[in-house]
Amino acid sequence: MDLSSYSQEIQKYIEEDERKWMLGASVKYDTCQRILAYAAETNSDALFGLGYYRFAEYYWEREDAEQTMHCLEESVKCFLNAGIYEYLGRVYNMMGIASANGGGRLVALSYFYTGILYCEQCGDIYTNAMANCNIAYIMLCMKHYKEAKERYRTAIAYFERTKDRVFGCQHLLQGMIQCGFCYLLLEEYREALRIRKRIRQLLQENPECACQEISRKTFEAACEYICGHKEYAEQLLDRLTQEIYLEENVRELKEMIVPIADFLYQNQSDRYLELLLRIAEETGIVKNIDIRLDMYPFKSQFLLKHHRVHEYVEYTKEYLELYQQSIRDSHAVMARIMELQERLRTIEMEQREILADNQKLKEIALYDSMTNLPNRTYLNEYLSKQFEEASEKHTPFGVELMDIDFFKEYNDTYGHLAGDGCIEKVSNVLHGVEAPNVFCARYGGDEFMVVYSGLEAEEIETVARNIQEGVRGLNIPHAGSTCSGKVTVSQGIFVKVPEEENREWDFNSMADNALYQAKREGRNCYRIVTKANPGEEDKIEK
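Residues numbered from 1 in each chain as written. Predicted model: local features only at pLDDT ≥ 70, side-chain atom pairs only at ≥ 80, totals over all residues. Heavy atoms only, no water.

## Side note on the overall build of the chain
In step 1: Counting its regular elements, the chain contains 21 helices and six strands.
In step 2: Within the chain, the fraction of its 542 residues that count as buried is 49%.
In step 3: Put simply, 64% of the contacts in the chain that link residues at least 6 apart link residues at least 24 apart.
In step 4: Element-wise, carbon and sulfur atoms account for 49% of the exposed surface of the chain, whose accessible area totals about 27400 Å². (Helix = DSSP H or I, 4+ residues; strand = E, 2+ residues; numbered from the N terminus. Buried < 20%, exposed > 50% of the residue type's maximum accessible area, 1.4 Å probe, protein only. Contact = heavy atoms within 4.5 Å. Areas by Shrake-Rupley, 256 points an atom, 1.4 Å probe, with all protein chains shown as cover.)

Below, the structure written as structure tokens:
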């Protein structure tokens, strides 16, 4: 976010807040309030968006899903109003996480995909990697292992480019572990062992890097199992079950319980599958409706396999009730998301209209309506900026004043309407010579100014000659001219490298003097002056 338009106090506070956020610090309520206070003070949609985003993180840490989503929705609207797209990838990614946690996986996927579009637009590969990982995780839980694998591979490639960032190495490891489970479940065992080798190497190179220990150790045990080391794999799993009941490990197991259960089921590890199902019940992991539904195939088949028919019937009844509830909840969430998306589309449309109106106002304010050349206001702004740059870089700077010869007589002969047409045609010639270092503007009436940046006198002469020939080539009859039978122009040009005592109006004045000299020489020509006291080096061209 560009903070240059805000006060030093605001810049310093926002930059410090961002630094703390990058380091993973918890969000404080007072911080959120202060950002919103700055937003109100400056009437800034960008700061309002940032304040609501921080509040969303604050409520998310406190597991208040409703307030989290409300703040994220407000944040999106503010960032869209401000045209600040770099944060939208983060916001949509967080909206996806909040939706997935509440059971709305399809809605979450929509948010993640939208977030990726904004990340690609702004080049935010870190958030892009996070969103891809989150999509892959949903695909993993939904048993779309091939799609999950490809998403994890994309995320890993991005994380490897950002692993030096705080948490970058941690997220890289988590993506590798989860991708490893995809390989196992797809029976791509060689790839699973290859990624295990990469995980070990990364941990050896970064011993301080934290990762999901339960998932990593389970993945290690699974790799030992497919290598034929069944007894050793079971020893690893036995030791692992002693650690699972710790609170932080329960949270981690919750994220990976479905693919772990699927692997145990596929490999007919009934003892450990039964243990996992019991742990899921005892720790409350299956209170999450999505996880409970995801675990149904494994538990139901396990119950049937062991002839526990009564338990199977009761469990299936419960599953059907939960399934119906999930459908109702999905409909409610979908209705809400559709309403939000419609509101956001309206905001985006209004934003585009405002930008278009602002562009039109800018053009009206800065461009001459008759010639569509920059007007005097735009010219003054451009002239000052280019003069300052030429002074700093010690590069040539040129100013040209030009007017139409005997224009009063032209108006008297042909009328003012024809005079306006003549000015338009001459301005078209100037449009034809415009370039990044040649700026043409209407100075007033039949007068024009051309600003040359970084061009030597010889290069400027080429442009001046093209203007002369272009105007003559219009072949506009001019019976009132005493220098030609058609419309012509006179040009006065002053060019040099600005010195310390020079100001831009010095160049304007010298260009005016050069124009006067061109008129004295008979008009229908240009005069180039390269010194403040013109002499023999001045150039006159008929």
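On we go from here.
## Here we look at helix α6 (residues 105–122)
In step 1: Spanning 18 residues, α6 covers 26 Å between terminal C-alpha atoms, matching the ideal 26 Å at 1.5 Å per step.
In step 2: Within the span of α6, buried status applies to R105, V107, A108, L109, Y111, F112, G115, I116, Y118 and C119.
In step 3: G123 sits one or two residues past α6 and shows a positive phi near 75°. (Expected span 1.5 Å × (residues − 1).)

## Brief notes about the pairing of strand β5 (residues 526–529)
In step 1: Along β5, one buried face is formed by Y526 and I528 and the opposite face, lined by R527 and V529, is buried too.
In step 2: As judged from the four bridges shared by strand β4 (residues 489–496) and β5, these two strands associate in the parallel manner. Bridge pairing links F494 to V529 in β5. (Pairing = 2+ DSSP bridges.)

## Section: the packing of aromatic side chains
In step 1: By the definition in use, this model includes 24 aromatic pairs.
In step 2: Ring centres 5.2 Å apart and planes at 75° place the aromatic pair Y29 and F55 in the edge-to-face group. Taken together, the positions of Y29 in helix α2 (residues 29–42) and F55 in helix α3 (residues 45–61) put the pair 26 residues apart, joining distant regions of the chain.
In step 3: F55 gets classed as buried once you look at its relative accessible area, which sits at 6%. (Phe/Tyr/Trp six-rings, centres within 6.5 Å; stacked < 30°, edge-to-face > 60°.)

## Considering the nonpolar core
In step 1: In terms of nonpolar packing, the biggest core is built from 71 residues, with L253, I257 and M295 touching the most fellow members.
In step 2: Examining the composition of this core, we find that 11 residues originate from one element, helix α9 (residues 168–185), more than from any other.
In step 3: Counting 36 residues, the second-largest nonpolar core is a separate cluster that includes Y13, A39, Y92 and Y111. (Core = buried A, V, L, I, M, F, W, Y, C linked by side-chain atoms within 4.5 Å.)

## So, empty space enclosed by the protein
In step 1: Following the criterion strictly, the structure yields three cavities of 30 Å³ or more and no others.
In step 2: Estimated volume of the largest cavity: approximately 130 Å³.
In step 3: If you trace the largest cavity, you find 13 residues lining it, with L237, T241, I244, I260 and L276 closest to the centre.
In step 4: Elements with a minimum of two residues in the lining of the largest cavity: α11 (213–226), α12 (230–241), α13 (247–266) and α14 (270–282). (1 Å grid on protein atoms, 1.4 Å probe; cavity = no way out; pocket = protein on both sides within 12 Å on 5 of 7 lines; lining within 4 Å. Points joined across faces, edges and corners; volume = space filled by probe spheres on them.)

## Comments concerning α14
In step 1: Between its terminal C-alpha atoms α14 stretches 18 Å, which fits the 18 Å expected from 13 residues at 1.5 Å a residue.
In step 2: Within α14, burial applies to D270, Y272, L273, L275, L276, L277, I279 and A280.
In step 3: G284 sits one or two positions beyond α14 and adopts a positive phi of about 80°.

## Section: the side chain of D262
In step 1: Mapped onto the elements of the fold, D262 is located in helix α13.
In step 2: Buried within the structure, D262 lacks any salt-bridge partner; K143 is the closest side chain of opposite charge, at an N-O distance of 5.8 Å.
In step 3: The contact partners of D262, leaving out residues within four places of it in the chain, are K143, Y145, L185 and F298. (Lys, Arg positive; Asp, Glu negative; His and termini not counted. Salt bridge = Lys/Arg side-chain N within 4 Å of Asp/Glu carboxyl O.)

## Points about the environment of D64
In step 1: Looking at the secondary structure, you find D64 in the loop between α3 and α4 (65–82).
In step 2: Residues D64 and A98 lie 34 residues apart in sequence; the distance between their C-alpha atoms is 9.7 Å.
In step 3: Among the polar contacts made by the side chain of D64, one reaches the main-chain amide nitrogen of Q67 at a distance of 3.2 Å. (Polar contact = N/O pair within 3.5 Å; in protein donor to acceptor, adjacent residues only side chain to side chain.)

## Description of the pairing of strand β1 (residues 397–404)
In step 1: Of all the eight residues making up β1, eight are buried; the element is thus mostly covered by neighbouring parts of the structure.
In step 2: Burial of the side chains of β1 extends over both faces: F397, V399, L401 and D403 are buried on one face and G398, E400, M402 and I404 on the other.
In step 3: Sheet analysis places β1 next to strand β3 (residues 447–453), joined by seven bridges and oriented antiparallel. What sits directly across from F397, in β3, is S453.
In step 4: Relative to β4, β1 runs antiparallel, the two being bridged by eight bridges. Of the residues in β4, the one forming a bridge with G398 is V495.

## A word on the environment of V450
In step 1: Tracing the sequence through the fold places V450 in strand β3.
In step 2: Once residues within four sequence positions are removed from consideration, V450 is found in contact with G398, V399, E400, L430, V438, F439 and C440.

## Concerning unusual backbone geometry
In step 1: The phi torsion at F406 lies on the positive side, around 50°, for a residue other than glycine.
In step 2: Position of F406 among the secondary structure elements: in the loop between β1 and α18 (407–414).
In step 3: By relative accessible area, which is 17% here, F406 ends up buried.
In step 4: The backbone of N475 shows a phi angle near 55°, a positive value even though the residue is not glycine.

## Quick notes on the environment of Y52
In step 1: Mapping Y52 onto the fold places it in helix α3.
In step 2: Residue classification places Y52 among the partly exposed residues on the basis of a relative accessible area of 23%.
In step 3: Those residues in contact with Y52 that sit more than four places away from it in its chain are L36, C71, E74, S75 and C78.

## Here's the deal with the pattern of salt bridges
In step 1: Inspection of the entire model under this criterion finds 28 salt bridges.
In step 2: Across the pair E281 and K299 runs a salt bridge whose closest N-O atoms are separated by 3.5 Å. Of the two residues, E281 is situated in helix α14 and K299 in helix α15 (residues 289–305); the sequence distance between them amounts to 18 residues.
In step 3: The exposure class assigned to E281 is partly exposed, which follows from its relative accessible area of 37%.
In step 4: Through salt bridges with shared partners, one network takes in D17, E18, R54, E57 and R90.

## Examining the packing of α14 against α15
In step 1: It is at 11 Å that the axes of α14 and α15 come closest, and there the two elements cross at 135°. Considering the angle they form, α14 stands oblique to α15. Of the two elements, α14 crosses α15, and the hand of that crossing is left-handed. Between α14 and α15, the contacting residues are D270, L273, E274, L277 and E281 on the first element and R292, M295, F298, K299, F302 and K305 on the second.
In step 2: Taken together, the residues of the contact of α14 with α15 sort by class into five nonpolar, no polar and six charged. (Axes fitted to C-alpha atoms, helices over the stretch in contact; angles between N-to-C directions. Parallel < 35°, antiparallel > 145°, perpendicular 65-115°, else oblique. Left-handed = near helix turned anticlockwise from the far one by under 90°. Nonpolar A, V, L, I, M, F, W, Y, C, P; charged D, E, K, R; others polar.)

So yeah, pure geometry; function would need other evidence.
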